[in-house]
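Breakdown of the fold
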Amino acid sequence: MICCSSGKQTSTVTFNNRRGYIFHEGRELNITPYLYDKLLPFGVNLKKGHVAQGILTSKKLRRSGVTINPMLDLINRLLKFLIARLAGYSSSSVRWSLVLILGLSSTVQIIKDRDHTLINSSYDKLLELRLHSPKVDPSILVLDIDERSLDEMRSDYGRWPWPRETLAGVLRWLEGQGAKAVVFDILFADQDTLNPLSDRSFAEAVTQSQSSFFPILRLDPKNDSSSEVTPGMLPSFAVPIPTQESTSGSLQVGQLNGSGNTLAVIPPVFEAIVQSGRVGYHNIYPDPDGVSRTYRLWEDIEGWRLLSLPARIANHFNWDLPSEAKQIIRYPQEPLSHRSISFVDAWKYSQSGQETPPAWLSDIPGAIVVIGSTAPSLLDIKVTPISPIHPGVHILATAIDNLKNQSFQGEFPLWAKLVQCWLFLLGMAWLSKAISITALRWAILIVPGILLSVSYLSLQVAPVFLDFSLAASQAVLFFSLLTLYYSLRLQHFTTASGSFLKSKGFEAFFVIFHREDERVKPQSML
């Protein structure tokens, strides 16, 4: 309880649920903000039984022996000054200032992250929470060099890499079974000096094949000038970029920036693979945070277009290519969703000639078979939004699946993201003017929730991902800061009203009583 006196009149302040009232000359005056302003900033910590009387000014508190924290006093004065200045601005000025500041900062962020737009978004988390995901194409299979295959074939062929006659035998057998394409996710960069006959067998199988595809490893473009490989050495991998149509309607080939261009790549060691022209890079380029969310279908460099393995397959089968090279991969629910066949099972069946066919044999005719490894010991493991240990061969299979079925996840272009950013801010400014202050507090939660829900639904059913995570962040900041502004402004003018009452002759004397078993600060009482 705090007792107050003004001349001959005595008033009592009773605190209940942190609210204080003065009954003065029969009138009830709510002075909670005034008391809060007078007591809280000084960090009052009275000893047991101490009594502070008079108006609570810092001078009188020092005289009465109350310890005052000078830093808190300075901060309090500075905050008062800033709040007073802020309260002097109209709500319209503050509202549009927030729109301008948030809009400019968001524009800078969008332009800065234009090549890696999903890093700071809610994409990864929403992908984990999906209830619906696209079904994988059953005509795309993975022939898996798994740990079981490495273990069971070790006794006959030793540790990996095996003699390449094993791969030659499987290639011939798959094409004999009617496979539409055989895609190797294995880099043939060196000759097998211990088994030259095995290499010759593999080269012959490649020469006879008409539907096998092989990878090239693209190195850092910074090393292009140090390479000795020219685009002309890799037909169908490095192709001139089409630029514009001539007047006759034929497609003109882009001018090449000199004939001495070189490419930093690790090409296949087999001339039969290079001459087949069925090659493409199989690099997976992660975002700066190490997560592989996108697939780069081609790379343009100095008049040349370098094709990825999926893009080379698309050209072979006349699939449509998207207009942009970089595409968001639409991942299935699980990292190993595509049907897999263990390599050792296919190898044993192809060599044994047993009459009873396995159940998986009927899946091969007409299928695109991707040969690669999920064995952790072969280190072809990537980080994706759906798994921290996603085998690279399954990412390649998913990219081929997306390209074949035109199912890459779309996103807004840069200009649309900038327009969307400013439109949302203008909408929030209009909403903040149309609703009450109480409703403004609820908008801090409701508006971002609605935006993230729309993003989540678009990831489930829409071909384009509506990334509203930046707009949701803007909403939290905008409505929080605007609500804070209204609260501080109300506190300032309420305090000013209390000072006006005091200037009219109402002087208060405060007596603060403490419990014996604990210290009670005035702010705790308030």
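Residues numbered from 1 in each chain as written. Predicted model: local features only at pLDDT ≥ 70, side-chain atom pairs only at ≥ 80, totals over all residues. Heavy atoms only, no water.

A short note on the overall build of the protein
The line we're drawing: Here a helix means four or more residues in a row that DSSP labels H or I, a strand means two or more in a row labelled E, and each is numbered from the N terminus. In this scheme, a residue with accessible area under 20% of its type's maximum is buried, one over 50% is exposed, and one in between is partly exposed, where area comes from a 1.4 Å probe on protein chains only. In what follows, residue pairs with any heavy atoms lying within 4.5 Å of each other are defined as contacts. A 1.4 Å probe and the Shrake-Rupley method give the accessible areas. Residues count as covered only by the protein chains that appear here.
Helix and strand content of the protein: 17 helices and 20 strands. Considering the protein as a whole, with its 526 residues, one finds that 46% of them fall into the buried category. For the protein, long-range pairs separated by at least 24 residues make up 77% of all intrachain contacts whose partners lie at least 6 apart in sequence. Accessible surface for the protein amounts to roughly 27,700 Å². Of this, 57% is attributable to carbon and sulfur atoms.

Considerations on empty space enclosed by the protein
Rules: Definitions used throughout: a 1 Å grid over protein atoms alone; a cavity as a set of points that fits a 1.4 Å probe which cannot get out; a pocket as an open set with protein on both sides within 12 Å along at least five of seven lines; a lining residue as one with an atom within 4 Å of a point. Grid points are joined across faces, edges and corners, and a volume is the space filled by probe spheres set on the points. Each residue is assigned to one class: nonpolar for Ala, Val, Leu, Ile, Met, Phe, Trp, Tyr, Cys and Pro, charged for Asp, Glu, Lys and Arg, and polar for all the others, Gly among them.
Enumeration over the complete set of coordinates arrives at two cavities of 30 Å³ or more. By volume, the second largest cavity amounts to about 30 Å³. In terms of lining residues, the second largest cavity is bounded by Leu141, Leu143, Trp173, Leu174, Ile341, Ala346, Ile364 and Val369. At the level of secondary structure, the elements contributing two or more residues to the lining of the second largest cavity comprise β5 (140-144) and α8 (165-176). Each residue belonging to the lining of the second largest cavity can be placed in one class, and the counts come to eight nonpolar, no polar and no charged.

Notes on the side chain of Ser342
What counts here: Under the rule applied, a polar contact is a pair of N or O atoms within 3.5 Å (in protein, one hydrogen donor and one hydrogen acceptor; residues adjacent in sequence only if both atoms are side-chain atoms).
As for its placement among the helices and strands, Ser342 is situated in strand β17 (residues 340-342). Owing to a relative accessible area of 10%, Ser342 belongs among the buried residues under this scheme. Within the structure, Ser342 has its side chain in polar contact with the side chain of Arg148 (distance 3.3 Å). Excluding its chain neighbours within four sequence positions, the residues that come into contact with Ser342 are Leu143, Asp144, Asp146, Arg148 and Ser149.

Notes on the pattern of salt bridges
To be explicit about the condition: When a carboxyl oxygen of Asp or Glu lies within 4 Å of a side-chain nitrogen of Lys or Arg, that pair is called a salt bridge.
A complete count under the given rule lists 15 salt bridges for this structure. Note that Glu152 and Arg148 form a salt bridge whose closest N and O atoms lie 3.1 Å from each other. Here Glu152 pairs with Arg148, and both are found in helix α6 (residues 147-152), just four residues apart, close to one helical turn. A relative accessible area of 30% places Glu152 in the partly exposed class. Connected through shared salt-bridge partners, Asp124, Asp287, Asp289 and Arg293 make up one network.

Quick word on the sheet that holds strand β14 (residues 298-301)
Which entries qualify depends on this criterion: We call two strands paired when DSSP finds no fewer than two bridges between them. Every axis in this analysis is a line fitted to C-alpha atoms, fitted for helices over the stretch in contact. Angles between the N-to-C directions lie between 0 and 180 degrees.
Ordered in space as β8-β15-β14, the three strands form an open sheet in which the pairing is antiparallel. Two strands bound the open sheet, and with one partner strand each, they are β8 (238-240) and β14. Here the average twist between neighbouring strands, direction ignored, is 30 degrees. In the sheet, β8 pairs with strand β15 (residues 304-307) via three bridges, with the strands oriented antiparallel. Across the sheet, the residue bridging to Val239 is Arg305, located in β15.

Description of the pairing of β15
Both β14 and β15 contribute to a ladder of four bridges, which runs antiparallel. Within β15, the residue paired with Asp300 across the bridge is Arg305. Where β14 hands over to β15, the hairpin turn is made up of two residues, of which Glu302 adopts a positive phi near 50 degrees.

Some remarks on a nonpolar patch on the surface
Formally: Patches were defined on residues exceeding 30% relative accessible area and lacking a salt bridge, with like-charge contacts within 9 Å and nonpolar side-chain contacts (Val, Leu, Ile, Met, Phe, Trp, Tyr) within 5 Å.
On the surface, a nonpolar cluster with roughly 690 Å² of combined accessible area is contributed by Met71, Leu74, Ile75, Leu78, Leu79, Phe81 and Leu82. Relative to the helices and strands, Phe81 resides in helix α3 (residues 70-87).

Some thoughts on the packing of aromatic side chains
Given two aromatic rings, one states the distance between the centres and the angle between the planes to describe the pair. Note the threshold: Here a pair means two rings of Phe, Tyr or Trp (six-membered ring of Trp) with centres within 6.5 Å. Their orientation is stacked below 30 degrees between planes, edge-to-face above 60, and tilted elsewhere. Working rule: Lys NZ or Arg CZ, within 6 Å of ring centre, within 35 degrees of ring normal, means a charge sits over the ring.
Per the stated rule, a full pass over the model turns up 21 aromatic pairs. With 6.2 Å between their ring centres and 70 degrees between their planes, Phe188 and Phe270 make a pair best called edge-to-face. Taken together, the residues Phe188 in the loop between β6 (181-184) and α9 (196-208) and Phe270 in the loop between β11 (265-266) and α10 (271-276) connect sequence positions 82 residues apart. Across the pair, exposure class does not vary: Phe188 and Phe270 are buried alike. For the pair Tyr485 and Tyr486, a centre-to-centre distance of 5.3 Å together with 50 degrees between the ring planes defines the contact as tilted. Through successive ring pairs, a cluster of aromatic residues spans Phe184, Phe188, Phe202, Phe214 and Phe270. The ring centre of Phe317 lies 4.8 Å from the NZ or CZ of Lys180, which sits over that ring.

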